[in-house]
Every structure is written in structure tokens, then in C-alpha cells.
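Here is how the chains run, residue by residue.
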Amino acid sequence: MKLERECTSDLECPNEKACINLQCLDPCALRGACGINALCRVVLHKPRCSCPQCYIGMPHTACHPDLKCDRLSPRPAPNIDCSHDSDCPESLSCHSQTGECRDPCLSSQYSCEVNKRCQVRNHRPMCVCKHGFVVNELGELTCAPDTLTCARDFDCPSNAACVNGKCQNPCNVRKKKPCPDGKTCDVLDHRPVCICTQNCNPSLSICLRDSGCSPDLACRNYRCVDPCRNSTCPADAPCYVEEHKPICKFCPPGFVPDTKYGCMKVAIENVMTYEYVKCLLQMIC
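Residues numbered from 1 in each chain as written. Predicted model: local features only at pLDDT ≥ 70, side-chain atom pairs only at ≥ 80, totals over all residues. Heavy atoms only, no water.

Looking at an unreviewed UniProt entry, the chain carries the name Fibrillin-1, with the source organism given as Vespula squamosa.

Okay, here's the thing in C-alpha cells:
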């Protein structure tokens, strides 16, 4: 049964769907829309990938568990009967009422400061620094701030950027708002992106990779643009786009440059030379 045509472009579909095979469909439902373990949501007809909480990596390829985050969330241990702490592993203690080995850090009666986490040593809970130690202004050794440290954006979740050695929301780190009125700031692959919310131009769309654009365009700063716009091709070698890439077409003898097709073959009579035809085209004879 042939499906009835619903659309010919994304603009004919709701913002949360895209025109795929002449049908308005959820682009996140396509196989390979996002990487392994990544989350997908649609923004202006395009799938937006991000790593879930406690996962880091490249959301278009794969997200993997953040070991720093994993250590902050102790996993419950299987029930073990006990009568004394010595009957339990060192990371557990014997609960006096239930007679079971339990993680004392999971008790609501025990809590730590914001920049510290609970850790069990010799069956006893204690608070230790989450992110190691730093030397404060007084020269004292103290816990590092409650912010994940980083050396590059890849060390942070995809919805944060490495700013001044800390994983932060790039939309909020500057005093001046990154987006004008009528647009909201969102984070895409560690970078702030302005998304239209009022008086939007319906022809505006964002891209994540070159594959999100037509073959004669390339994805630059999340926009589909002509890559030949900033080309440095010489005058006799026009720029031509092939599979999103700008290419300078050097025309062989018998061909002349053409801005649309790259090179066009010239019909030359036996009595005429290519140089003479070129001379006529340039009108310098």
C-alpha cells in the first residue's frame, strides 16, 4: 500500500518532526540518529543528541559512564545476615535492627557537606572530599569546590563546557547574554546555541553535520551554507561543491571554467586552437 504524501520539506511538518521519504516522522526514531547510550530530542526538525546524567563522551558516537559521577552514587549491596560489623565487608556495617549488612552512607541520618561525599572505611561512614584537595588563600589544605574539574570540553557532559577548569553551562558563565531577545540559549555539544522562540523565520534550520545539509552545502556553525563563499580559488579555477566540500576546478585544455558546472567542454574546429577560443572568450584579441 502506497502511503499518501504528507510533505516535501521539513517546513511542512511540526517542529518536532522532519520530512523523511515524503512523510512527517520523528527523526529520533531513525536508526543511528544518535550514538550509543545517548539521548535524542528534536529541535526545529533536527535530532539533537546529548549524553544523559553521569555520562560523558561524543553523543553522536557514544556516551560512556563518568567515573567521577559513578563514585558519587554508591550501589546497594546484596543482603547479608550479620550480628557484628566483622560479619560484613569493610564497606558495610551491621544494622542493629535488621541484622543485615548495609551501607551506612545510605542512611538518612548521615549526611556530608556539599563538596564532600560519604565513604565507608572499616564499617564506619566518614565524609571525604569529592574532588580532591586544593590550597586556599590562607595556605590551608581544603576540599576542592563542588564543581567537576576539567581540562577540555570532552571531560564535561555534552550540555556543559570546560570554562576556567570547571564544567559549566556556557549560556550562564558570561555577564552578557549570548543570545538576543526572542531567542533562548541552549547547549549543543558543549557550545551555546541560540534557538528562535519568537517571530521565528520558518526557513531557518540548524544542522549538526554536513549530512544534515544538501550536497551543495556544508554545515558551518550549525548552519547550512555555501562552502565556496569563502573559497580561495584562483580566477581561472572556479569553486565547485562536491559532497559538501569546496573544490577548485582546474580545467584541462579543451575546457573552460563555468561557475555552475565547474568545467565545460569547448567545441573547437580543427583550424582553431584552444588558445584562440580562450582569447575570444576573454575579448582581449
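Draft legend 1. Examining the overall build of the chain more closely. Tallying secondary structure elements over the chain gives 2 helices and 22 strands in all. Here the chain holds 285 residues, and 32% of them are scored as buried. Here the analysis covers contacts within the chain between residues at least 6 apart in sequence; of these, 25% occur between residues at least 24 apart. As presented, the chain carries roughly 19,500 Å² of accessible surface, and 51% of it is formed by carbon and sulfur atoms. (Helix = DSSP H or I, 4+ residues; strand = E, 2+ residues; numbered from the N terminus. Buried < 20%, exposed > 50% of the residue type's maximum accessible area, 1.4 Å probe, protein only. Contact = heavy atoms within 4.5 Å. Areas by Shrake-Rupley, 256 points an atom, 1.4 Å probe, with all protein chains shown as cover.)

Draft legend 2. Seen up close, the pattern of salt bridges. Tallied over the full model, the rule gives 7 salt bridges. Here Asp186 and Arg41 are joined by a salt bridge, their closest N and O atoms 2.7 Å apart. A residue pair is termed long-range when its members are at least 10 positions apart, and Asp186 in strand β15 (residues 183-188) and Arg41 in strand β3 (residues 39-43) qualify at 145 residues. Across the pair Asp210 and Lys245 runs a salt bridge, and its minimum N-O distance is 3.7 Å. Of the two residues, Asp210 sits in the loop between β16 (191-196) and β17 (218-220) while Lys245 sits in strand β20 (residues 245-248), which places them 35 residues apart along the sequence. Under the relative-accessibility criterion, Asp210 is labelled buried at 18%. A single salt-bridge network, built from bridges that share partners, covers Arg41, Arg48 and Asp186. (Salt bridge = Lys/Arg side-chain N within 4 Å of Asp/Glu carboxyl O.)

Draft legend 3. Looking closely at the UniProt feature "domain: EGF-like" (unreviewed entry) in the chain. This chain's UniProt record puts "domain: EGF-like" (unreviewed entry) on residues 27-64, 104-144 and 223-264. End-to-end, the C-alpha atoms of residues 27-64 are 23 Å apart, and along that stretch the chain is 0% helix and 45% strand. (UniProt positions renumbered as here; feature names shortened; annotations may be inferred.)

Draft legend 4. Representation of the side chain of His190 within the structure. Inspection of the secondary structure assignment puts His190 in the loop between β15 and β16. In terms of polar contacts, His190 uses its side chain to reach the backbone carbonyl oxygen of Asp153, at 3.4 Å. Within polar-contact distance, the side chain of His190 engages the backbone oxygen of Ala160 at 2.7 Å. Residues within four places of His190 in sequence aside, it is in contact with Asp153, Phe154, Cys156, Pro157, Ser158, Ala160, Ala161 and Pro170. (Polar contact = N/O pair within 3.5 Å; in protein donor to acceptor, adjacent residues only side chain to side chain.)

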